[in-house]
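Chain and residue survey
Below are the chains, spelled out letter by letter.
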Amino acid sequence: MGRASSKEDAGALFHSLRSAYAATPLNLKIIDLYVGFAIFTALIQVVYMAIVGSFPFNSFLSGVLSCVGTAVLAVCLRIQVNKENKEFKDLSPERAFADFVLCNLVLHLVIMNFLG
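The residue numbers shown here count from 1 along each chain, following its written sequence. In keeping with the model being predicted, local features are shown solely for residues with a pLDDT of at least 70 and side-chain atom pairs are shown and tallied solely at 80 or more, while totals for entire chains, interfaces and linings include all residues. Heavy atoms from the whole structure form the basis of all side-chain values; hydrogens and water molecules are not counted.

**Re the nonpolar core**
As a rule of thumb, soluble globular proteins bury nonpolar side chains together. Here, nonpolar core means buried Ala, Val, Leu, Ile, Met, Phe, Trp, Tyr and Cys residues that are tied together by side-chain atoms lying within 4.5 Å of each other. Three labels apply to residues, based on accessible area from a 1.4 Å probe with only protein chains included: buried if under 20% of the type maximum, exposed if over 50%, partly exposed otherwise in between. Ranked by size, the top nonpolar core spans 13 residues in total, and within it Ile31, Val35, Ala74, Leu77, Val81 and Phe100 carry the most contacts. Helical segments are the DSSP runs of H or I of at least four residues, strand segments are the runs of E of at least two, and each set is numbered from the N terminus. Counting residues per element, the ones that place at least two in this core are α2 (26–52), α3 (57–81) and α4 (93–115). Sorting elements by how many residues they give to this core places α3 first, with 5 residues.

**What to know about α2**
Over its 27 residues, α2 runs 39 Å from end to end, which matches the ideal 39 Å to within 8%, given 1.5 Å per residue. When α2 is considered as a whole, its buried residues turn out to be Leu28, Ile31, Val35, Ala38 and Ala42. The contact criterion used throughout is that any non-hydrogen atoms of two residues lie within 4.5 Å. Along its buried surface, α2 packs onto α3. Directly after α2, the chain includes Gly53, whose backbone phi takes a positive value near 125°. By definition here, a helix of n residues has an expected span of 1.5 Å times n minus one.

The structure is reproduced here in structure tokens:
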């Protein structure tokens, strides 16, 4: 009895999440796709390191930290661009994107410096 209700609850939760995400604006969906790609790339690098080895460990760390840092900055961009977020209502989307680009530039300069 408990198992059937938990399946129904999971199905109802999945349906409500899917219907709520359908109302999400396209620009936020594109940012979500970018975040997913960055995390997927980091996971591919971790799997590759597990299979092949981590001889140039600085390169592995740089690649993974670059992907994770980019994903974190993209999540910050998503928070700032979201119209429903009242905390950043005075911040224009262009300014948020400029902050994102500048922070990405600084992040990747640090990553390139870490490579050696």
